[in-house]
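Read off the chains here:
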Amino acid sequence: MDRFIAEWNASHPDIDVHYLATLGRILRLSAHLREAVDGWLKPFGLTWDVFDLLVTIRRSGASDGVRPTALYDACLLSSGAMTNRIDRVEKAGLAVRRPDPDDRRATRVALTRRGAVLADKAMNAHAAHSRDIADRLTAAEQATLAHLLRKLLATFEDEMPNGRGE
């Protein structure tokens, strides 16, 4: 990234590229992290999108399941994309749709026993690998970075109509 910044400054000093020092690094780091996550989820037969859905349902703690609207809000998806994702996990035997006991018109999505076991195993591996990466920074550095990323993320999510902020 330092080379990109230097090259832009030399070839086009009229273009301000100081943002690359932060946003450029965030984008590159995101690509590296996604590749790493894909690698440690592969032994579980999971992709990020299925893992995200399974652990979102699992962390809810709701034994009767979660409404699809809550899932697409939590996973930052459209309702159509969430429907496709739910269809896939249901077909794989990892989740089931159930009638909502509070609203006859609605459904809830709950993990099967197999889905819950897989979510727990994959989440344990994910947490361990993620900690290994985070621990490349000191505790103080992690706290500072978390604070700054929260601040930057809030500038996007606080503006969202459904309030998807942290």
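Attention in this report is confined to the structure presented alongside it. What you see is a predicted model, and the numbers here were worked out from it, not measured in a lab.

## Brief notes about the packing of aromatic side chains
Part 1 of the reasoning: Tallied over the full model, the rule gives one aromatic pair.
Part 2 of the reasoning: Their ring planes at 50° and their centres at 5.6 Å tell us that Trp48 and Phe51 sit as a pair that is tilted. A residue pair is termed a helical-turn pair when its members lie 3 or 4 positions apart in one helix, as Trp48 and Phe51 do in helix α3 (residues 48-60) at three residues.
Part 3 of the reasoning: A residue is classified by how much of its surface remains accessible, and Trp48, at 26% relative accessible area, is partly exposed.

## Focus: the packing of α3 against helix α6 (residues 113-134)
Part 1 of the reasoning: With their axes 9 Å apart at the nearest point, α3 and α6 run at an angle of 110° to one another. In terms of their interaxial angle, α3 and α6 are classed as roughly perpendicular. Note on element contacts: α6 touches α3 through Ala116, Leu118, Ala119, Asp120, Ala122, Met123 and His126, opposite Trp48, Phe51, Leu54, Val55 and Arg58.
Part 2 of the reasoning: For the contact of α3 with α6, the class distribution of residues is nine nonpolar, one polar and two charged.

About the cut-offs
Residues numbered from 1 in each chain as written. Predicted model: local features only at pLDDT ≥ 70, side-chain atom pairs only at ≥ 80, totals over all residues. Heavy atoms only, no water. Phe/Tyr/Trp six-rings, centres within 6.5 Å; stacked < 30°, edge-to-face > 60°. Helix = DSSP H or I, 4+ residues; strand = E, 2+ residues; numbered from the N terminus. Buried < 20%, exposed > 50% of the residue type's maximum accessible area, 1.4 Å probe, protein only. Axes fitted to C-alpha atoms, helices over the stretch in contact; angles between N-to-C directions. Parallel < 35°, antiparallel > 145°, perpendicular 65-115°, else oblique. Contact = heavy atoms within 4.5 Å. Nonpolar A, V, L, I, M, F, W, Y, C, P; charged D, E, K, R; others polar.

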